[in-house]
Each structure stands twice: as structure tokens, then as C-alpha cells.
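Observations on the model geometry
These are the residues of each chain, in order.
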6 protein chains.
Amino acid sequence: GEIFDKEIYQDNSVAGVVTGLAWTSVGGEILFIETALSRGKGKLTLSGQLGDVMKESAMTALSYLKSKAEKLGIDYRVFDQYDLHIHVPAGAVPKDGPSAGITMLTAMASLFTQRKVKNKIAMTGEITLRGKVMPVGGIKEKILAARRAGLKEIILCQKNKRDIDEIDEQYIKGITFHFVDKVEDVLEIALMKAKVDDPMKFTFTSESNSN
Amino acid sequence: GEIFDKEIYQDNSVAGVVTGLAWTSVGGEILFIETALSRGKGKLTLSGQLGDVMKESAMTALSYLKSKAEKLGIDYRVFDQYDLHIHVPAGAVPKDGPSAGITMLTAMASLFTQRKVKNKIAMTGEITLRGKVMPVGGIKEKILAARRAGLKEIILCQKNKRDIDEIDEQYIKGITFHFVDKVEDVLEIALMKAKVDDPMKFTFTSESNSN
Amino acid sequence: GEIFDKEIYQDNSVAGVVTGLAWTSVGGEILFIETALSRGKGKLTLSGQLGDVMKESAMTALSYLKSKAEKLGIDYRVFDQYDLHIHVPAGAVPKDGPSAGITMLTAMASLFTQRKVKNKIAMTGEITLRGKVMPVGGIKEKILAARRAGLKEIILCQKNKRDIDEIDEQYIKGITFHFVDKVEDVLEIALMKAKVDDPMKFTFTSESNSN
Amino acid sequence: GEIFDKEIYQDNSVAGVVTGLAWTSVGGEILFIETALSRGKGKLTLSGQLGDVMKESAMTALSYLKSKAEKLGIDYRVFDQYDLHIHVPAGAVPKDGPSAGITMLTAMASLFTQRKVKNKIAMTGEITLRGKVMPVGGIKEKILAARRAGLKEIILCQKNKRDIDEIDEQYIKGITFHFVDKVEDVLEIALMKAKVDDPMKFTFTSESNSN
Amino acid sequence: GEIFDKEIYQDNSVAGVVTGLAWTSVGGEILFIETALSRGKGKLTLSGQLGDVMKESAMTALSYLKSKAEKLGIDYRVFDQYDLHIHVPAGAVPKDGPSAGITMLTAMASLFTQRKVKNKIAMTGEITLRGKVMPVGGIKEKILAARRAGLKEIILCQKNKRDIDEIDEQYIKGITFHFVDKVEDVLEIALMKAKVDDPMKFTFTSESNSN
Amino acid sequence: GEIFDKEIYQDNSVAGVVTGLAWTSVGGEILFIETALSRGKGKLTLSGQLGDVMKESAMTALSYLKSKAEKLGIDYRVFDQYDLHIHVPAGAVPKDGPSAGITMLTAMASLFTQRKVKNKIAMTGEITLRGKVMPVGGIKEKILAARRAGLKEIILCQKNKRDIDEIDEQYIKGITFHFVDKVEDVLEIALMKAKVDDPMKFTFTSESNSN
Ligand SMILES: [Ca+2]
Ligand SMILES: [Ca+2]
Ligand SMILES: [Ca+2]
Ligand SMILES: [Ca+2]
Ligand SMILES: [Ca+2]
Ligand SMILES: [Ca+2]
Ligand SMILES: [Ca+2]
Ligand SMILES: [Ca+2]
Ligand SMILES: [Ca+2]
Ligand SMILES: [Ca+2]
Ligand SMILES: [Ca+2]
Ligand SMILES: [Ca+2]
């Protein structure tokens, strides 16, 4: 049941990595969404034994991001002239479901803007193509896993508030919860204004590939 | 059995989102067809665990729309120079069947024209490539779900009128039904003349990719 | 067993739609081959839950048509600069077999030439790549379905004449049969000289994509 | 067990059609290899419910032909600037095995050179990439089928001579057998010097696509 | 169990054909690797009902050859501007395993250089990407098959020497064995300096496709 | 259970080959990751009967390398203008799992920089997209296999130190262990500053393919 160990990521010094929360048959787990860009032609690579639903979740998050590129200050050519890879360690553990949607979106947004992700924050929630956040299951177990990992803030769908209300207070003491309906709110909370140190510098040919 | 929650979409301020009606083993449900465009090369992405029949339905609706582009005032280059994504939340619920045909067509037509979709309207019906509307099943359950969700107008195939006639009047009070044979009539009823606020502005290279 | 309803197509005002005859486990049925063109790069899309044999039938008919383009007065660039979609309603009913071959060929020929299809005519027969018409099964049931649908003329392979000879005369009164060996004869009988009203106007770039 | 009817092809006036011999569970059958070219980009389409072995046989025959293009007087650009379709009626009957190799090669050679195929000739034999002819099974049944169909000359691998020697003379009276080791000999025997009436005229862009 | 007959290839007058040794459930067999080039775009076609391992073996051999092109005097553009087909008769017999690796490599090297393959030589051995030769199984049975076919020289991996040492001398009298560790040694032994008569002449466009 | 024999690689004179450690049902084994480049268009080929997890591991390692190209002194155009092949002998033995991640990364880094790999070193560990090294299983058996093969240094994840601490000292005498958390440390330890003799010289067209 061990998907990942908490000690591996202890800082937010790189862009494009965000902590998510998973629900397995033996309890909650934290997981990490890792993203990376390399010069290319707009190819998307997904790895980490992701199931169909999780792959579609990644594609949906990417389409949302593309449709909001201008608002987020992303030069559109990056989608054409770079390849995007999304990996979810551990590489041999099958993973599926829509609940990493907002985590993947946040990781990509951080990567494309090179903005820092807030420290010790995690999130779980489905994303829709138009930017709604939908509730997911396994909240109690996920919260316990987040606490074990020392996380301090958690973003959830507004509709998952009732799940939090049912958890004994002792287990959530010291954790700040953010309940949201829209993806804009997720990014507002999780992404810092500051860029990471040594941010990646994108270089473009003047003409976009797709045009 | 819960595909989607009614509260999530309460307005029609964005283009490209239309309410449909689904029939599941535990009753009717409303569902949402979400569509989005991003600059690209004319790629079509479908997500939401759609089955073969539903995917073909989307392709058929898109071909119909392309064949009527001029009549609808759509610049043909948008099909070449943008990518289209159609998503049907919730992402983990398998969906299939042809009955979302006219809903998908309407969502795409709204997206490509940036015209508003009428408020509190839903629809269910198969589409053919030449623009006929064909009857579908599960009408009674779908109507009950639409009513629970507070919808006020419903578009159905003319041939589904007999299904409505068999429903006890108390369940359909306050709902206006539109019975249609042709896709033109669906768009006439469901799409408003006005564009959405802050409509998406399409930019094209002078020369279309495909020519 | 109901593939399609006879009332939906009552006229021949559009190009590219032809009536076929299908044989199901519960009897004969009429079906419709719908075709549409949109500007593109020569892609072929098939929908309507078609099986392998039926898909190959469509590809064979298209290759035949391409090889006879000049004779039929079709500008070859249409095959390169437009996408072709063939759809067979109803979208959820699986269909297979080679017997729609001549129907698909006729629909495509009408679409590419924009010539009218004769009114109240139907057909069933396999097509070969070099334009032979081959006999098919289920003739009696198909004829009965055609009659119920009010069709007046039927095209069959010469070799299917013996099947007609075995049908009681009362069931075929008022129907004109055409027995053919070659695809040229099918088109001669089924396509009218006149174009449809408001025929589609093809526009080409001077240079064909494929050359 | 009826794959095709003998009466359908009674002449050799078109290029690209050759008679083969098949072996089914209920006896021998004649079959026809049909080929057609249309302007394109060098795509190969195979239809007629062909199995893997038969598809590979077609690809092997095509590669052989390409490697001998110059010797056969074929302008190499035809492979780049035209699409080739190979169809084996009847479209719904699954077919497999390597024994149509020399038949497919001969049909293609006739098509690309527009030379007539000898009248009332049939053949069966596996082809290798370097142009060897290999023996195949079911010879007796195939010969009987050829005789029923009125064929007068048959090409076989030299190694299949022993199978002929075992057939009672009364069944092979009037049939001329050609036993060969090499594909060159097949073409020498089966292709006439004369072109078909109204041969297809190939038109090329000066520059080949692939170079 | 009969993969191929010894009599078919009795000379080494063509480039690109090499004799291998196969191990089947009923004993050893000789097989032939046939290769052919035709002008194209660098496509690789494999036929002869090859299994996954054998296909990967071919790809590995090709990558090795490409990485040594300069050393072998092969103009690199041939990999871009020609298509390569590898066929292993008989076409209907499934074949798999890595032991044809050095045979495929030698056939390709002969084809690309147009150098003659030594007469009456056969080989069996796995190839690695960096040019190591690895031992394979079934040596005794393969040697017996080679002897029945009249072959005079056999190339094996150094590590397969122990298998030869265990064969009764009477069965290997008159056969010369070459034990090797590296692919360079295979080519040194099997390829003659002389080109075949009428060697294929490669023509290139000045600019390589891939650059 | 024999994946590979120790004697085959006894030197580090070529770039792009690194020794890994595998865990099979019958004990530990050493394996070799072989990599090769040939001029092309950036295609990645994987062979050696690799399972999905191992393939994803290779893709993840390649994406990491691309994202660190500048830091490692790799001209980015090599990813566009050359094809990369990764092969893991023996070709017929199925292999899977993430534990070859750092081995594949190191082999690629050596290949692209043409730097020598340290002599008699092996490694095992999962890689993440952002360059973390994660622990893997079967450590004891792998160490025993490394010792049998005469290897002198082994790189492991810091978290696998506890597995080493549990091994009886007699089995690890003379082996130096390196425990790491980050991929940078793996490359620091395993790659020598010196290039191999006769390093491959990359040639580029001035303009990268992807830009
Ligand atoms: Ca854990
Ligand atoms: Ca699935
Ligand atoms: Ca609901
Ligand atoms: Ca299906
Ligand atoms: Ca009906
Ligand atoms: Ca099938
Ligand atoms: Ca027959
Ligand atoms: Ca097969
Ligand atoms: Ca034999
Ligand atoms: Ca396999
Ligand atoms: Ca070993
Ligand atoms: Ca798997």
C-alpha cells in the first residue's frame, strides 16, 4: 500500500511538483505529481501506470490550462514547442481515478508559469473541462495520510466539507482546509506569486508550429 | 447512480456547455456536455469514459457542424487551427449510447459561435449525419431527473411525444416541451442570438492548414 | 429489430443519402446510408457501429469511385481536399455484412457529383473493387420491408433474380425490379441527371495535396 | 463454401484482375484478386477479410515488384503517387494463407504495367521476397475447381508437380500445366505483351514524394 | 515441421539472403532470411509470421548496422531514402526467438553493401545492440539440419562451442565451425569482399530526409 | 534464470552500456543496459521484451535527461536529429519493474556525453521524473549476483541502506556502496570525466527539427 514516502519531497524549490492524496485499499496515501518540459512539438507523455480515467483527467486539465493560457500569463507557443511529461511515482503501482485532477492542473500551472507551489499543501478533487471542482471519495483516510506526512493545508471541493465535518477534531487539528468550487480558486491558493529560483527560460521560434 | 449534481451549473454565462439527460440503471440523471477549444491543428479529444457509440455520436455531430459551417456563420479555419475537446463529467462514470447527440451538437455550435445557450434548458435525442433527430429511450426517467434539477424547457424528438403523453401531468407541470425532427430546430430553440460576455476571439493564420 | 423508421426520409432533396435494405434476425429493415463532405485532407470516417466487413465494403466502394472519377465527372482534388464521413443510423445498432456495398457506392457518387438520387428507390448488393455486383441473402425479407416503407423501385444483382421469382406475386405488386451485374448500371438507374437544389460548391487549392 | 462464382469474370479486358485457386474445408474454389490504383501517396489497402498471412503475402509481393520495377518497365513514381487497393471477393468470407502470393503478384504486375492477363489462366503458389515460388497444399481440390470453372492453363510451383502426377488423368485432360520456380516465369507465362484496351494513363508530378 | 526446403537456394548470386538455423519441436531446420530495399522513406517491414522477440531482434540488428554504417562503407542516406523489407519463408509458419539475430544482421549488411555472402555458410546466434554475439539453444539439431542441407561452414557464439564438443564426430565431419564473440567477426567471415554481379545502384537526393 | 553472463562485458571502453541488477524468481542476476544512437528524427526504440513499467521507466529517464541537457553539456539537437535505441539482453527474457531506472539514465547520459562509465560498477534504483532515486526490492539477492560477477562498486538509494545493513559482512567484503537520493549523485559517481576512445561525433543540421 505504500505509494510514496513523505520524506522524499521536503521543499517547494522546484516548479511543477505538487502533492496529492490517494485512497488505496489499505488506507490513504500521499502521492506526488511530477511534471517536466523539454523542447519538442507539443507531445504529452503520461507515466506511472495510470489508468484510463486518470489519463483522461490529465488531458482534461491540460485542455483547461490551454484555454486559460492568456489569463495565466502563459505564452501559447510553449504548448507547441515543448513536450510535456507527467509522471506519478511510484512507477510500478497502478493508479486510477479522477481525484488527482486538480493536483495535476496545479502542477502543470506551476510548471508553465514557473511559479512556486505553496509549502506543505496538498489537494484532492476532480476537475472538469470548464474548471469546476467536483467532490471525491476517501476523504477521511486521505486526511489522515496528509497529517502523517506533516502537511499543513489541504484543498478540497466545497461538497467534501461534509466529509471533514464528520472527522473527529483531534485528527485535523493544525490543518487548514480550503473548500473550493472552481479551479481558479485552487490556483489562487496553491500557487505563490514568486517564481522558483533559477526558473526555466522558455525559448521559442517566432512562428508557432501549429500555425 | 449519481452522474452529476444539479447545483454545479446554475448559469449560462459560458459558451460550449449544454445540459443533457441520461438514463441509468437506477433512474434518470442530468449530465453536462463540456466543450473547449485551444489553438492547435484540428485534433478532437473525447473524455469522460465515453463508449464507442457515444464517441461516434460526437464525431457525427462534428461532421454535421462542419458541413453547415457557412450557414451558421462559423469561419471554417477554426476546424483546422484549433483543437476541440469534449468532456462529460463525472470522469470516472462510464457513459454510452447515442442520446447525447443533439446535446453535443448544441454545445459545439455554442462554442464555435460563442452564442449563449438558453437558460434552464435540457435535451436528449440521437443525431444523424444529415441532421435528423431520432427518438431515444428512458424518456420518463429523464424528465423526472430534469424536473428535480429545476430545468424548465426540454427538447425531444417529435417521435418521443408519445412518451411524454403517457406521463402523469403532475410530473411535467411547468416544463415546456419542444418536439423536433431536425437539428436546425434544436439550434433555433436552444441557442440565443446573443454571444456570451467576453466571447473567445479566434485568431487565424491567413492560410488554412488543410489547404 | 427496428433499425430505422420509414417516415424520416420522405424526399430526395439532398445529395449523398441512399436507402438500403438490411436483414436482421427478426426480419427485413430499411436503412439509410448518409454521407457528408467537409473541407479537410482526404480522411474517411465511418460511424454507426459498422463491423469489419461493412467497413471494408465502404473502402472498396470508395476505391472504385476514385478509379472512375474522371468518367463520372468528379474533380479528383475533392478526394484530397475534403474529408468524407459515412454514417448509418441508428447509431447504437451494430451492423455488418457486404450487402450495403452498392448503396454506399451510390450515396458517395451522389455526394461527389451532387446529383439527385431517384425517389423511392432502394438497393442491396455486394460490390467488388472492379465494379461487379454480387448477390446477397435475405432477399424476401428485405423486399417485404421495402414494401412496408412504400418504396417503388429496387436494384438487385442479376443473380438474385431467382429469389424474387420465388416470392408470391401479391407481395411485389407495384414494385419495379432492376437486376444488374455491374456498378455502372446501378448508378445509371439510381442517379438522376439533375443536381440537387443548392448543390454544394467545391473549392480547391490549385495544387492537390497528394501531388 | 461458395467463395465466388465462375461466371462473373469471363474476360481479360481489364488489367489488374487475376484468377487464383483456394482450398476450403468443403473443397477447392476459384477466387479473384482484384487490384486498383487511385492517385494518392503510396498507401496500401487490403480488403476481403484477409488474415495475417495473406496480408503479409501481399506486402511481400509488392516489395518484390518494387525491387524489380525498372526491369518490368514500371515508373517508380507510381508507388509514391498512387494508392493501391487489393480486394478479394467475396467480402464476407474470411481468407488466409500464403497460396495467393503469385496471384497477387501477377495482378499487381498487370495493373502497374496495364498489360493483359492471359485468358482462362489460374495459378496458386507462395511467393518469397526474392522471387522464389514455393509449393502449396490442396492441389487436387484446386484443380477440380479450376476445371469446373472452365480454366485452361494453371501455373504451379515445380514442387507441386508430384501432386499433379497423382491425379487421375481424366480430371486434368485439356488443362495445360506450367511448373515454375521463379516469379519471373510466372509473369512470363501469365502476362501478355499487349496492353489492355484503354489502358490507364499515369500522371506524375516531376518530383517523387519520397525523394 | 518443414520450414523450408534446402534445394531452393543453391547459390549466393544475390545480395541480402542468408541461411539461418532454426530449432522446432520436431528437430532442426534451415531457414532463409530474405531482405529487399525499395525507394522510400526509411520504413521497415517484417513478414513471415515473426513473433515479438524475433521482430525486436531485427530492429536491434538494424540499429547496430546504422551505428556502424560509416565503418562498413554504407552511405547513411540509404536508411532514410529506401524502405527495408525482411521476410522469412515459409510465410505461414510462425517463427520466434532471438537466434536469427546474426543471420538477419548479415543479410542486411550484404544488402546495404551489395557484397556477396559466402557460399554454403549458415549461422545461428543472438545479437545485442552493441554487437555482442550470445549463445542460443538447439545446437545439435540445428547442426544436423545444416548437414542434411549440404552446408559447409557454420558460425556460432564462442559459448556454444561446448555444445559442438558434445556432438559425435561423425555428424560434423566436413563442416567448418567458426566461434565468435562479436558481430564484426561474423561479418568478417560471412561477407565476401566482392560485390554481387549487377549490384543494386543506390540513388540519393542530395539532402537526407531526416535532416 | 540466467539473464546474462558476466564474462561478456569486461571493460568500459564503449559509451552507453551500464550494468544493472535484476531480481528473478531464482535469485539475483546482473543485466546490461545497452544504448545506441543513429541519425534520425528523435524516435525511441525499446527492445528486450520489456514490460510496461520498465518502458515507462525508460521514458521517464529520457525526459529527465532532456530537462537537464544544458547542465550536462548535451547539445539539445541530438534529441531531435538522432534516434535512440535501448536494448536489454537477453532478447527472449521478459523483464519488467522500475528498478533499472537509474541504470538506464546512466547509460543514456554516457551515450549522449560519450563519457566513460566507471569500471566494475553496478546500480539498481527507481528514478522519478524530477530526479529522485527511490528504493527497490531484492537487494540481498542482487548484491550476491554482483559479487559473483566481480563487481566492485554498487549504487543504491539511501533508503536501501537498511537492506545492506542486514546482509552478513562476509558477502559484501570488498564492495563499495554508494547510497544516494538524487540522480545527480548517481551520474557524479558512475560517469567518468574522460570520454571514451574514439567518441562518436554528432553532426547537426543548423536548425533543429522541432523548431
Ligand atoms: Ca507512505
Ligand atoms: Ca479503463
Ligand atoms: Ca444527481
Ligand atoms: Ca462498443
Ligand atoms: Ca422500421
Ligand atoms: Ca470481424
Ligand atoms: Ca463457386
Ligand atoms: Ca494470424
Ligand atoms: Ca526441410
Ligand atoms: Ca510475445
Ligand atoms: Ca548469469
Ligand atoms: Ca503491464
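Going by the structure above, here's the rest.
Everything in this summary refers to the structure shown in the same document. Since the structure is predicted, the reported quantities are computational estimates derived from the model, not experimental observations.

A closer look at the sheet that holds strand 2 (residues 27–39) of chain D
Residues and elements named next belong to chain D. Here we have 7 strands laid out as an open sheet, ordered 3-4-2-1-6-9-10, and mixed in their pairing. Because the sheet does not close on itself, it has two edges, and the strands there are strand 3 (44–47) and strand 10 (176–180). The sheet shows a mean angle of 25° between the axes of neighbouring strands, direction not considered. In terms of strand pairing, strand 1 (residues 17–24) meets strand 6 (residues 121–123) through 2 bridges, oriented parallel. Looking across to strand 6, one finds that Thr-19 is bridged to Ala-122. Packed on one face of the sheet, helix 3 (residues 101–113) meets strand 1, strand 2, strand 4 (82–87), strand 6 and strand 9 (153–157) and runs near 30° to strand 2.

Brief notes about the environment of Thr-103 of chain B
All names here are of chain B. Checked against the element boundaries, Thr-103 lands in helix 3 (residues 101–113). Residue class for Thr-103 comes out buried when judged on its relative accessible area of 0%. Along the sequence, Thr-103 and Met-134 sit 31 residues apart, while their C-alpha atoms lie 13 Å from each other. Thr-103 has contacts with Val-18, Thr-19, Gly-20, Ile-33 and Met-123, leaving out every residue within four places of it along the chain. Separated by 3.3 Å, the side chain of Thr-103 and the backbone oxygen of Met-123 make a polar contact.

Focus: the relation of the copies chain A and chain F
Mapping chain A onto chain F is achieved by rotating through 60° and translating by 0.0 Å along the same axis, at an RMSD of 0.0 Å. Between the two chains, the operation in question is that of a six-fold axis. With a heterologous cut-off of 20% or less, the 3% of interface residues of chain A that recur at the interface of chain F puts this contact in the heterologous class.

Focus: helix 1 (residues 52–67) of chain E
With 16 residues, helix 1 of chain E extends 23 Å from end C-alpha to end C-alpha; this agrees with the ideal 22 Å at 1.5 Å per step. Along helix 1 of chain E, the positions that sit buried rather than exposed are Val-53, Met-54, Glu-56, Ser-57, Ala-58, Thr-60, Ala-61, Leu-62, Ser-63, Tyr-64, Leu-65 and Lys-66 of chain E.

As for the pattern of salt bridges
All names here are of chain E. Under the definition given, this model contains 18 salt bridges over all chains. The residue Asp-75 makes a salt bridge to Arg-77 at a minimum N-O spacing of 2.7 Å. A relative accessible area of 33% places Asp-75 in the partly exposed class.

Observations regarding the packing of aromatic side chains
Tallied over the entire structure, the rule returns 36 aromatic pairs over all chains. An angle of 80° between the planes, with centres 5.4 Å apart, marks the rings of Tyr-82 of chain C and Phe-202 of chain C as edge-to-face. Of this pair, Tyr-82 of chain C sits in strand 4 (residues 82–87) while Phe-202 of chain C sits in the segment after strand 11 (191–195); the two residues are 120 residues apart in sequence, bridging distant segments of the chain. Residues Phe-79 of chain E and Phe-112 of chain E carry aromatic rings whose centres are separated by 4.9 Å and whose planes lie at 55° to one another, so their mutual orientation is tilted. You can see Phe-79 of chain E sitting in helix 2 (residues 77–81) and its partner Phe-112 of chain E sitting in helix 3 (residues 101–113), a full 33 residues away along the chain. Owing to a relative accessible area of 6%, Phe-112 of chain E belongs among the buried residues under this scheme. The structure contains a cluster of three or more aromatic residues connected by ring pairs, namely Tyr-76, Phe-79 and Phe-112 of chain A.

So, the interface of chain E and chain F
Taken together, the contacts link 21 residues of chain E with 34 residues of chain F. Between the two partners, chain E and chain F, sit 0 salt bridges. The interface formed by chain E and chain F holds 11 residue pairs in polar contact (both at pLDDT 80 or more) in total. Listing elements by their share of the side of chain E that touches chain F, those giving two or more residues are helix 1 and strand 7 (126–127) of chain E. Residue contributions to the side of chain E that touches chain F peak at 8 residues, all from helix 1 of chain E. Looking at the side of chain E that touches chain F residue by residue, the class counts come to 7 nonpolar, 7 polar and 7 charged.

Section: the arrangement of the chains
A gap remains between chain A and chain E, which never touch, and the nearest two C-alpha atoms on either side lie 16 Å apart. The closest approach of any C-alpha atom in chain C to one in chain E is 16 Å; the two make no contact.

A closer look at the interface of chain A and chain F
Contacts between chain A and chain F engage 34 residues on the former and 21 residues on the latter. Scanning the region where chain A abuts chain F turns up 0 salt bridges. Joining chain A to chain F, the criterion identifies 11 residue pairs in polar contact (both at pLDDT 80 or more). For the side of chain A that touches chain F, the secondary structure elements donating two or more residues are strand 2 (27–39), strand 3 (44–47) and strand 4 (82–87) of chain A. By residue number, the principal contributor to the side of chain A that touches chain F is strand 2 of chain A, which donates 6 residues.

With respect to the environment of Ile-33 of chain B
All names here are of chain B. Examined against the element boundaries, Ile-33 turns out to sit in strand 2 (residues 27–39). Spatially, the C-alpha atom of Ile-33 lies 6.3 Å from that of Thr-19, the residues being 14 residues apart in sequence. Apart from the residues lying within four places of it in its own chain, the contact partners of Ile-33 are Gly-16, Val-17, Val-18, Ile-86, His-87, Val-88, Ala-100, Thr-103, Met-104 and Ala-107.

Cut-offs and rules
- Residues numbered from 1 in each chain as written.
- Chains lettered and ligands numbered in written order.
- Predicted model: local features only at pLDDT ≥ 70, side-chain atom pairs only at ≥ 80, totals over all residues.
- Heavy atoms only, no water.
- Pairing = 2+ DSSP bridges.
- Helix = DSSP H or I, 4+ residues; strand = E, 2+ residues; numbered from the N terminus.
- Axes fitted to C-alpha atoms, helices over the stretch in contact; angles between N-to-C directions.
- Contact = heavy atoms within 4.5 Å.
- Buried < 20%, exposed > 50% of the residue type's maximum accessible area, 1.4 Å probe, protein only.
- Polar contact = N/O pair within 3.5 Å; in protein donor to acceptor, adjacent residues only side chain to side chain.
- Least-squares fit on C-alpha atoms with pLDDT ≥ 70 in both.
- Expected span 1.5 Å × (residues − 1).
- Salt bridge = Lys/Arg side-chain N within 4 Å of Asp/Glu carboxyl O.
- Phe/Tyr/Trp six-rings, centres within 6.5 Å; stacked < 30°, edge-to-face > 60°.
- Nonpolar A, V, L, I, M, F, W, Y, C, P; charged D, E, K, R; others polar.

In short, geometric facts, not functional conclusions.
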